[in-house]
Amino acid sequence: MFTIIGAAGFIGSRLARHLEARRVDYYAPRRGEDLAGRRLGRVIYCAGLTADFRTRPHDAVEAHVCQVLRLVRGCDFESFVYLSSTRLYKGHGRETAREEDDLRVNPSEPGDLYNLSKALGESVVRLCGERARVVRLSNVYGEDFSRQTFLSMIIGEALRDGRIRLQTSLESAKDYVSVEDVVGLLPRIAAGGRSRAYNVASGVNVTNAELAAGIARLTACAVTEEPGAETVSFPPVDIGRVREEFGFEPASVLGDLPRLVESYRRHRSDTVDLH
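Residues numbered from 1 in each chain as written. Predicted model: local features only at pLDDT ≥ 70, side-chain atom pairs only at ≥ 80, totals over all residues. Heavy atoms only, no water.

1. Some remarks on the pattern of salt bridges
Where side chains of opposite charge bring their charged atoms close, a pairing between them can arise. Basically, it comes down to this: By definition, a salt bridge exists where a carboxyl oxygen of Asp or Glu is found within 4 Å of a side-chain nitrogen of Lys or Arg. A helix here means a DSSP run of H or I that spans at least four residues, while a strand means a run of E at least two residues long, and both kinds are numbered starting from the N terminus. Exposure is judged per residue with a 1.4 Å probe applied to protein chains only, and the accessible area is read against the type maximum: over 50% gives exposed, under 20% gives buried, and values in between give partly exposed.
Within the structure shown, the criterion is met by 14 salt bridges. R243 is the salt-bridge partner of E249, the closest N and O atoms lying 3.7 Å from each other. Salt-bridge contacts for R265 lead to E262; the nearest nitrogen and oxygen are separated by 3.3 Å. Pair noted here: R265 and E262 are both in helix α8 (residues 253–274), with a separation of 3 residues, about one helical turn. Residue class for R265 comes out partly exposed when judged on its relative accessible area of 32%.

2. Examining the sheet that holds strand β10 (residues 205–207)
The condition is simple: Between any two strands, at least two bridges found by DSSP are needed for them to pair. All axes are obtained by fitting lines to C-alpha atoms, using only the stretch in contact for helices, and the reported angles, taken between N-to-C directions, cover 0 to 180 degrees.
Pairing in this open sheet of 3 strands is mixed, and the strands run β6-β8-β10 from one edge to the other. The open sheet has two free edges, formed respectively by β6 (139–141) and β10, since each of these has just one partner strand. If you compare each strand with its neighbour and ignore which way they point, the axes differ by 55 degrees on average.

3. Here we look at the environment of D181
Keep this limit in mind: Here, residues are in contact when the closest pair of their heavy atoms is within 4.5 Å.
Examined against the element boundaries, D181 turns out to sit in helix α5 (residues 179–192). Spatially, the C-alpha atoms of D181 and P250 are 6.2 Å apart, while their sequence positions differ by 69 residues. Beyond its immediate stretch of four places on either side in the chain, D181 contacts F248, P250 and A251.

4. Section: the layout of surface pockets
To locate leftover empty space, one rolls a probe as large as a water molecule over the atoms. Threshold: Computed over the protein atoms alone on a 1 Å grid, cavities are sets of points where a 1.4 Å probe fits but cannot get out and pockets are open sets with protein on both sides within 12 Å along at least five of seven lines; a residue lines them when it has an atom within 4 Å of a point. Grid points are joined across faces, edges and corners, and a volume is the space filled by probe spheres set on the points.
Here the second largest pocket is characterised by a volume of approximately 280 Å³. If you go around the second largest pocket, the residues you meet are F145, R147, Q148, S152, M153, G156, E157, L159, R160, Y264, H267 and R268. The set of elements that each furnish at least two residues to the lining of the second largest pocket consists of α4 (150–161) and α8. Residue contributions to the lining of the second largest pocket peak at 6 residues, all from α4.

5. Description of unusual backbone geometry
Phi at R23 takes a positive value of approximately 55 degrees, unusual for a residue other than glycine. Inspection of the secondary structure puts R23 in the loop between α1 (10–21) and β2 (26–27). For R23, a relative accessible area of 80% gives the class exposed. Although it is not a glycine, A220 adopts a positive phi angle of roughly 60 degrees. Positionally, A220 belongs in the loop between α6 (208–219) and β11 (222–230). A relative accessible area of 69% places A220 in the exposed class.

6. Looking at the environment of D25
Along the chain, D25 falls in the loop between α1 and β2. With 22 residues separating them in the primary sequence, D25 and T3 have C-alpha atoms 8.9 Å apart. In this view, D25 contacts M1 and F2; residues no more than four positions away in its chain are not counted.

This is the structure we're talking about:
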């Protein structure tokens, strides 16, 4: 049995649908449900905060660390998969980000709270020894109209306003991984992963220029860059480990753009019709 912590969220809800479609037994506890003393089988911990961690710092620490500690100390489980982030590699100073690399964080920087809390959550889970698995996800994309991610915002802006105004430079680049690829891989890691940590990403950085050009071809929108826009880039993420163990071959966000834009267009049309 799998237990999904955070089954109401973007990744957790799609993981639940993935398991249900394959008739795999899973348990999705309600938020705040007391799990002390429960047998949870294979835990996949999807709870957490991303874009809003700056406005809810205490909630971020609660989700990334405190709740994890309660589960690790108070429950019985076969394995524990903790979803972390490739954001931990920002500024780590190497050309390619690998699971065994040292991480750099600065407690005096408010923006590092996310990385600090995720790193501590990883450490707590690793105390479980052979049962522990850490999955560092890159920027997960998919058809989700409630999340304010960079990709969803620029697609929405293109469809709504006929233009994209980039707050970060065209040269900014990061890795994007499909939620379908993620949820297909997580149960396999939970059930048979041989390693303690995995990067789950596409392995290829995509620039803002490439994304904007792809969206412009599909929507005929204009693309502008804010004056003085900062260039924000992450090192390419090495995914050799998941490729070797699981034959992982991720989708391309550029290849998925037509499907994503059409999905957002339908959603926008349906929302307008409702009003």
